[in-house]
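Next come the chains, spelled out residue by residue.
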Amino acid sequence: MDLTLTRAQVRDLDRRAVEDFGMPGVCLMENAGRGAAELFTRLNPDRLPAVILCGPGNNGGDGFVLARHLDNRGWPVVVWLLRPEAGQSFGFARAAAAVDRKLSPDCAVNAEVWAHARELKTNVATGNAWKEALVADVNAAGWVIDALFGTGLTRPVTAPFDELIPFVNASGKPVLAVDVPTGLDCDTGEPLGHAVRATHTATFVAPKRGFAAAAAWTGVVHVVDIGAPRALIESLRGGEPGASAPGFLPR
Ligand SMILES: NC(=O)C1=CN([C@@H]2O[C@H](COP(=O)(O)OP(=O)(O)OC[C@H]3O[C@@H](n4cnc5c(N)ncnc54)[C@H](O)[C@@H]3O)[C@@H](O)[C@H]2O)[C@H](O)CC1
Ligand SMILES: [K+]
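Residues numbered from 1 in each chain as written. Chains lettered and ligands numbered in written order. Predicted model: local features only at pLDDT ≥ 70, side-chain atom pairs only at ≥ 80, totals over all residues.

Caption draft 1: The arrangement of the nonpolar core in detail. Ranked by internal contacts, the top residues of the largest apolar core, which has 73 residues, are Ile52, Leu53, Leu66 and Ile145. If sequence neighbours within four positions are ignored, Leu66 has contacts with Gly33, Ala36, Ala37, Ile52, Ile145, Ala147 and Val178. (Core = buried A, V, L, I, M, F, W, Y, C linked by C-beta atoms within 7 Å. Buried ≥ 20, exposed ≤ 12 C-beta atoms within 10 Å, placed from the backbone. Contact = placed C-beta atoms within 7 Å.)

Caption draft 2: Here's a closer look at the UniProt feature "binding site: K(+)" (unreviewed entry) in the protein chain. In the numbering used here, UniProt assigns the "binding site: K(+)" (unreviewed entry) feature to Asn59, Asp146 and Thr182. What stands out for the annotated residues spanning 124 residues is how close their C-alpha atoms remain, the widest pair being 9.4 Å apart. For Thr182, the position within the fold is in the loop between strand S5 (175-178) and strand S6 (200-204). When near neighbours in sequence (up to four residues on either side) are disregarded, Thr182 contacts Asp146, Leu148, Phe149, Ile165, Ala195 and Val196. (UniProt positions renumbered as here; feature names shortened; annotations may be inferred. Helix = DSSP H or I, 4+ residues; strand = E, 2+ residues; numbered from the N terminus.)

Caption draft 3: View of the site of ligand 1. Taken together, 34 residues are adjacent to ligand 1, and Gly57, Asn58, Asn59, Gly150 and Gly152 come closest. Broken down by secondary-structure element, the contributors of at least two residues to the shell around ligand 1 are helix H1 (7-19), helix H2 (25-43) and helix H3 (58-72). Per-element accounting of the shell around ligand 1 gives the leading share, five residues, to H3. In the shell around ligand 1, the residues fall into 16 nonpolar, 14 polar and four charged. (Near = placed C-beta within 6 Å. Nonpolar A, V, L, I, M, F, W, Y, C, P; charged D, E, K, R; others polar.)

Caption draft 4: Quick look at the packing of H3 against helix H4 (residues 105-117). Look at H3 against H4: their axes get within 8 Å of each other, and the N-to-C directions meet at 30 degrees. Between H3 and H4, the interaxial angle falls into the category roughly parallel. For the pair H3 and H4, the sense of crossing is left-handed. Contacts between H3 and H4 involve Asn58, Gly60, Gly61, Phe64, Val65, Ala67 and Arg68 from the former and Asp106, Cys107, Asn110, Ala111, Val113 and Trp114 from the latter. Its residues assigned to classes, the contact of H3 with H4 shows seven nonpolar, four polar and two charged. (Axes fitted to C-alpha atoms, helices over the stretch in contact; angles between N-to-C directions. Parallel < 35°, antiparallel > 145°, perpendicular 65-115°, else oblique. Left-handed = near helix turned anticlockwise from the far one by under 90°.)

Caption draft 5: View of the sheet that holds S6. Spatial ordering of the open sheet is given by S3-S2-S1-S4-S5-S6-S7, a layout of seven strands whose pairing is parallel. Every other strand in the sheet has two partners, leaving strand S3 (121-122) and strand S7 (220-224) as the edge strands with one partner each. Relative to S7, S6 runs parallel, the two sharing five bridges. Its bridge partner lying in S7, His200 is registered against Val220. (Pairing = 2+ DSSP bridges.)

Here it is as structure tokens:
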């Protein structure tokens, strides 16, 4: 049977990649974002402009890597960092002024690289002016890339995502979801609250357990290899290292 992954297995894979195999999370993130960028260049050969919406966790970090690789290849991108209006802080600070302590460490690394290289638009500023700017960017775009939340989401999104997601869904733009459409419970395939309706989903390592029941949210699912050691992935499957593993190879 082809491999599918639960939220717990993804967490385990992340942890063991670092602790047991010595592979830093930021390397997995680089492969994830680069792989998703390669997919996107095939989905959008006409180079229509894309708005990339990045959240504060590692899903957002993938979005910043993706943005960098698209930009390097000449694809036009506009990048937004959206942070919760209240609540969670990851307690980690980076040097760039545009990036603050409310980001996961690996997201902060890649947000900082992007902020040094190109414009980073955010909702950090007070007031609602950013909303108008974001709406204009999405309306002018050919695609939206959803890197807001992935497998880490376990509760309904709060502001500003509860407003942003219905807007993206109503925009009529094709959407590429990074790993998981934001707002979808990756284990059950049910929306946790508001959820992005994607046209395509670039999912990492293997489809998530809930995807079988969630085609209306995921659109076409593409599996992207993130370079995690084969022995590690095989151990999630419960098989022997070296056995064939069609579920995680890139298509
Ligand atoms: N092994 C892999 O497959 C890899 C996956 N990568 C990517 O990492 C995400 C998972 O990242 P994580 O940091 O665990 O979680 P999320 O980014 O999905 O969510 C962040 C975190 O934030 C909470 N939260 C903050 N604000 C809100 C809010 N307003 N409403 C609701 N929730 C909020 C949320 O609950 C989460 O805890 C995975 O999907 C992949 O994209 C790695 O990049 C590579 C390895
Ligand atoms: K996402």
